[in-house]
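Topology and contacts: notes
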Amino acid sequence: MKHILSGNEAVARGAYEAGVSFASAYPGTPSTEILEEISAKYKDICSEWAPNEKVAMEAAIGASFMGGRSMAAMKMVGVNVAADPLFTFAYTGVNGGMVFISADDPGLHSSQNEQDNRYYARGARIAMLEPSDSQEAKDMMVEGFRISEEFDVPVMLRMTTRVCHSKSLVEFGEVQPQEKKPFVRDLTKYNPVPAMAKLMHASLEKRMARLQAFTEETPLNRMEMHDTAIGVITSGVAYTYAREVFGDSASYLKLGFTSHLPEKLIREFASKVDKLYVIEELEPYLEEHVRMLGIACTGKALIPREGELNPDIIRRALLGEEPELIEYDKSVLAPRPPTFCAGCPHAGFFYELGKLKDVILVGDIGCYALSGNPPLNAKDIALCMGAGFSVPHGGQKVIDKFGGKERIIGVMGDSTFFHTGMNSLLEAAYNRSRIIMCIVDNRTTGMTGHQENPGSGYVLGGGKANDISIPEIVKALGISFIRTVDPMDLAAVRTALKEAMAYDGPAVIVTRYPCALKKYSPEDLAEFGRNTVPYTVDTEKCIGCKSCMKLGCPAIRFDGEKKLAQIDGNACACCGVCAQLCPKDAIGKEEK
Amino acid sequence: MPEVKNVVLCGVGGQGTILASKILTTGLIDAGYDVKMSEIHGMSQRGGSVTTQVRYGEKVYSPIIGKGAADVLVAFEKMEALRYLDDVKPGGFVIVNDQEIPSLPTLQGACAYPHDALDRVKEKVNTQVIEAAGIAQELGNIKAANVVLLGAMVKALGLGDLDWDKALAACVKPQFLEMNRKAFQAGFQAE
Ligand SMILES: Cc1ncc(C[n+]2csc(CCOP(=O)(O)OP(=O)(O)O)c2C)c(N)n1
Ligand code: SF4
Ligand code: SF4
Ligand code: SF4
């Protein structure tokens, strides 16, 4: 019987079939559901959220060293964070097999760049597999562990959004039992000090040579010969697009093992076809290699490097065909951008931040990334996770050096603080700058779908965790100005910001209130309670000043004809923040 | 089996497009079709537009289609019908839920909601309008609007012979099954 699984669900199944004992990850679209699925369905795998990807990678490496099969999962930018352990892990090699997933996001469906992580495999000198659909994702997990142990290498399973989030049919395989190999002390393998690492590098080269031989033979790389007028070299989801466009009117060299490219196979394939295309998403990773072999081919000269690939782009680029479309006036469409949810604890806080003068606001990565959009227009700058305090620090130093008057405020969420924000805060505390650092603790990892994190009191799968207090960490990191405020109380927010602005040194404000979409824990209920009475606008009192609209709450609508604000009682999350913005006291709880 | 058919479902986060496509794929797989379904998570959760593509046939390669390739577009919201109209093949078919959900810029008064979206769609392509929310409400739960639309979609695709009772039973909670069956039938029979 076949099962319909997303690529991520298939990876989880593959981990289970391969007898994985330990799995760690930090959430990140499009990879998040891998660990969620393992935790929900395959409970005999020890699965955990780590504070960040480097830690997840290192924990999985530790599990491998002790002889268990282990894995880590992350989105592509997470591999940047995890790159340090990875490059040396390539030297040591594995004990129990180790596979990690890099989930790339061509098209930036929810990312800050569209880097192509296939270059990591080449750079770190590890093995890489590229599945095209869910069946391959599952099968390659299983084969990946075999390769990892046979060749003593870490293996990267390189997925992309369309492979992660598309569902297709999967035939299950046998489940291998979990096993632990003995750990044997061996400094030439596990202790990469310079003298040893030199030897390890030499050994790595030997392992790479064996993988080069393997790539020529493995069925993961295969020719599919049909009409030979056109030959297509391709990998990953691009294979499915190429098949869609050319069908049997072309032949294919479908590459699944792509850290080491099969030179003989490529030459043989090229010699059998008249015209050679390389069809791949993002960078010319395969194409560069084919050219290096002195083989003429067409790829990125016609197919764009940026953006997500699709069959239309291939048709247009290589066949000059445009689809026939229904034509109509799109200018009448109103945009439908993502917004803060009704009752979001970030909204009021950013409303207050947006009002401050002579302030530059540096955000971070999380739901509050939306705070730069209208009507809040608060955020000015963002970069990557954890940069929300370190970028302000460097910036403030330059402003101060040149006698500028601006103050920089950094804002990041709780999960981001634990991820790498703690280091950034330490930078500001240690090198003392006058920035204001805000940690907007909504008791969850909101953006990626509400995962637990070290501050939320729970672990993956729902077990209780230690209480880890953000203000106490901040204090221990050397900050003396700390204010904890309820972000739903705007007067308290204003007071805290005023005091922080008056303080000449690194100041921290921690807000604490649950995300409106969070499933409340018993502790949340005890601490925050829950108001279930929606708010409403008194049409007698409302003067149509639009002050309440500045919050951007999607439950509030402005009726341009009647010149009145209206609240949709079904959408209202009963938070009461809009009422604090009304100069006429026109917003109050609905009468029962 | 016939050539590959393409269906696009579009709407606004939280409208239940994903469940409708899940029931659809469950029925198709059971009937022996190769099926691929693609959805985009991420920022779409925060009230943005969402789309799901379902493709089925004897052998499906690409999980996604390009513009102008959908045989049927099922829009759970009127403005989204217009937004994704060019996903449809000229000569294709559109099913629209008779519902308007304002987006933030329209709530704010920054731009106008196109109240004539439906007319603009009808002008270009064969269109069936369904009051799915009203029908579902009458059956007792407005949330079943997605299954009403599923019924209409199944009819439009000529898939009425498949075992939809079974597919529904596999995808919805037992206590809601009866109501969802009725919702499906109401959609299937809607004119
Ligand atoms: C290195 C890296 N890992 C993961 C992500 C994916 N990601 C984006 S936002 C986010 C979570 C943010 O959570 P939090 O800071 O608590 O803010 P919230 O969304 O809850 O407001 C994650 C994990 C990323 N962008 N970069
Ligand atoms: S998911 Fe939570 S944190 Fe994110 S916008 Fe919605 S309420 Fe705010
Ligand atoms: S109380 Fe006001 S701000 Fe809060 S959710 Fe309701 S309408 Fe929005
Ligand atoms: S802030 Fe008060 S008076 Fe002004 S539009 Fe809103 S409800 Fe009316």
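Predicted, not measured: the structure shown is a model, and the values here were computed from it.

1. With respect to the interface of chain B and chain A
- On the chain A side, the residues contacting the 53 residues of chain B number 56 residues.
- Between chain B and chain A we count four salt bridges in total.
- The interface formed by chain B and chain A holds 20 residue pairs in polar contact (both at pLDDT 80 or more) in total.
- For the side of chain B that touches chain A, the elements supplying multiple residues, two or more each, are α1 (17-30), β2 (34-39), β3 (49-57), α2 (78-83), β5 (88-97) and α3 (104-107) of chain B.
- A total of six residues in the side of chain B that touches chain A trace back to one element, the largest contributor, which is β2(B).
- The class makeup of the residues in the side of chain B that touches chain A is 26 nonpolar, 14 polar and 13 charged.

2. Regarding the site of ligand 4
- Taken together, V537(A), C542(A), I543(A), G544(A), C545(A), K546(A), S547(A), C548(A), A565(A), C582(A), P583(A) and I587(A) are the residues near ligand 4.
- Class assignment of the residues belonging to the shell around ligand 4 gives a composition of nine nonpolar, two polar and one charged.

3. Quick notes on the environment of P85(A)
All names here are of chain A.
- For P85, the location among the structural elements is in helix α4 (residues 76-92).
- Taking the C-alpha atoms as reference points, P85 and V537, 452 residues apart in sequence, are found 56 Å from one another.
- In contact with P85, not counting residues within four places along its chain, are K54, M57, E58 and I61.

4. Focus on the packing of helix α6 (residues 134-151) of chain A against helix α9 (residues 194-217) of chain A
Residues and elements named next belong to chain A.
- Two elements in contact, α6 and α9, have axes whose closest approach is 10 Å; the angle formed by their N-to-C orientations is 135 degrees. With respect to their mutual orientation, α6 and α9 come out oblique. Counting all contacts with α6, which are made through E143, R146, I147, E150 and F151, the residues of α9 involved are R207, R210, L211 and F214.
- Looking at the contact of α6 with α9 residue by residue, the classes come out as four nonpolar, no polar and five charged.

5. Looking at the packing of aromatic side chains
Residues and elements named next belong to chain A.
- Evaluation of the coordinates by the stated rule reveals 19 aromatic pairs over all chains.
- On the basis of an interplanar angle of 85 degrees and a centroid distance of 5.1 Å, the ring pair of F214 and F257 is categorised as edge-to-face. With F214 in helix α9 and F257 in the loop between β11 (251-255) and α11 (263-272), this pair connects stretches of sequence that are 43 residues apart. The exposure classification of F214 matches that of F257, with both residues buried.

6. Quick look at the side chain of N95(A)
Residues and elements named next belong to chain A.
- Relative to the assigned elements, N95 resides in the loop between α4 and β5 (98-104).
- With a relative accessible area of 12%, N95 lands in the buried category.
- Among the polar contacts made by the side chain of N95, one reaches the main-chain carbonyl oxygen of F65 at a distance of 3.0 Å.
- Among all residues touching N95, those that are not within four sequence positions of it are S64, F65, M66, G67, E149, K181, P182, F183 and Y190.

7. What about the site of ligand 2?
- Around ligand 2, the neighbouring residues are F340(A), C341(A), C344(A), H346(A), C367(A), N442(A), H450(A), C515(A), A516(A), L517(A) and R46(B).
- Close to ligand 2, residues of chains A and B are found.
- Grouping the amino acids of the shell around ligand 2 by side-chain chemistry returns seven nonpolar, three polar and one charged.

8. Let's talk about the pairing of strand β15 (residues 436-441) of chain A
Residues and elements named next belong to chain A.
- Among the six residues that make up β15, six are buried, leaving the element largely enclosed by the rest of the structure.
- Covered by surrounding structure in β15 are I436, C438 and V440 together with M437, I439 and D441, the residues of both alternating faces.
- Note: strand β14 (residues 407-413) against β15, five bridges, orientation parallel. Residue I409 lies in a different strand from β15, and its bridge partner there is I436.

9. Some remarks on the pattern of salt bridges
Residues and elements named next belong to chain A.
- Scanning the model with the defined rule gives 52 salt bridges over all chains in all.
- Here E322 makes a salt bridge to R316, at a shortest N to O gap of 2.9 Å.
- Overall, E322 belongs to the exposed group, its relative accessible area being 54%.
- Counted as one network, the salt bridges with shared partners bring together D104, D116, R118, E130, R158 and E280.

10. Focus on helix α10 (residues 237-246) of chain A
All names here are of chain A.
- Counting buried positions over the 10 residues of α10 gives nine, a clear majority of the element.
- Looking at α10, one finds that the buried residues are V237, A238, Y239, T240, Y241, A242, R243, V245 and F246.
- In the stretch just after α10, G247 is the one whose phi turns positive, near 50 degrees.

11. With respect to the nonpolar core
Residues and elements named next belong to chain A.
- Counting residues in each nonpolar core, the largest one holds 72 residues, and the members touching the most others are F417, L425, I439, I509 and I587.
- Summarising the domain contributions, this core has at least three residues from each of domain 3 (345-528) and domain 4 (535-589).
- For F417, the contacting residues outside a window of four places in its chain are F389, M412, M422, L425, I439, I470, I473 and V474.
- Core analysis: the next-biggest nonpolar cluster, separate from the first, contains 61 residues, A137, V142, C164 and L309 among them.

12. Overview of the sheet that holds β5(A)
Residues and elements named next belong to chain A.
- Pairing within the open sheet is parallel, and its six strands lie in the order β3-β2-β4-β5-β7-β6. Each having just a single partner strand, β3 (46-49) and β6 (127-129) make up the two edges of the open sheet. With strand direction ignored, the average angle separating the axes of adjacent strands in the sheet is 20 degrees.
- Across three bridges, β6 lies against strand β7 (residues 155-160) in parallel orientation. Looking at the pairing, M128 lines up with M156 of β7.
- Contacting β2 (22-25), β3, β4 (70-75) and β5, helix α2 (residues 33-41) crosses the sheet at an angle of about 140 degrees to β3.

13. Quick notes on the domain arrangement of chain A
- As far as domains go, chain A holds domain 1 (2-217), domain 2 (221-319), domain 3 (345-528) and domain 4 (535-589).
- Relative placement of domain 2 of chain A and domain 3 of chain A: their C-alpha centres are 47 Å apart.

14. Topic: unusual backbone geometry
Residue and element names in this part refer to chain A.
- Of note, the bond from T29 into P30 is cis; its omega dihedral lies within 30 degrees of zero at 10 degrees.
- Of the consecutive residues P374 and P375, the connecting peptide bond is found in the cis state with omega at 0 degrees.
- As for its placement among the helices and strands, P375 is situated in the loop between β13 (359-362) and α15 (387-401).
- Although it is not a glycine, R443 sits at a positive phi angle of roughly 65 degrees.

Scoring rules and cut-offs
Residues numbered from 1 in each chain as written. Chains lettered and ligands numbered in written order. Predicted model: local features only at pLDDT ≥ 70, side-chain atom pairs only at ≥ 80, totals over all residues. Heavy atoms only, no water. Contact = heavy atoms within 4.5 Å. Salt bridge = Lys/Arg side-chain N within 4 Å of Asp/Glu carboxyl O. Polar contact = N/O pair within 3.5 Å; in protein donor to acceptor, adjacent residues only side chain to side chain. Helix = DSSP H or I, 4+ residues; strand = E, 2+ residues; numbered from the N terminus. Nonpolar A, V, L, I, M, F, W, Y, C, P; charged D, E, K, R; others polar. Near = heavy atom within 4 Å. Axes fitted to C-alpha atoms, helices over the stretch in contact; angles between N-to-C directions. Parallel < 35°, antiparallel > 145°, perpendicular 65-115°, else oblique. Phe/Tyr/Trp six-rings, centres within 6.5 Å; stacked < 30°, edge-to-face > 60°. Buried < 20%, exposed > 50% of the residue type's maximum accessible area, 1.4 Å probe, protein only. Pairing = 2+ DSSP bridges. Core = buried A, V, L, I, M, F, W, Y, C linked by side-chain atoms within 4.5 Å. Domains from an automatic or database assignment.

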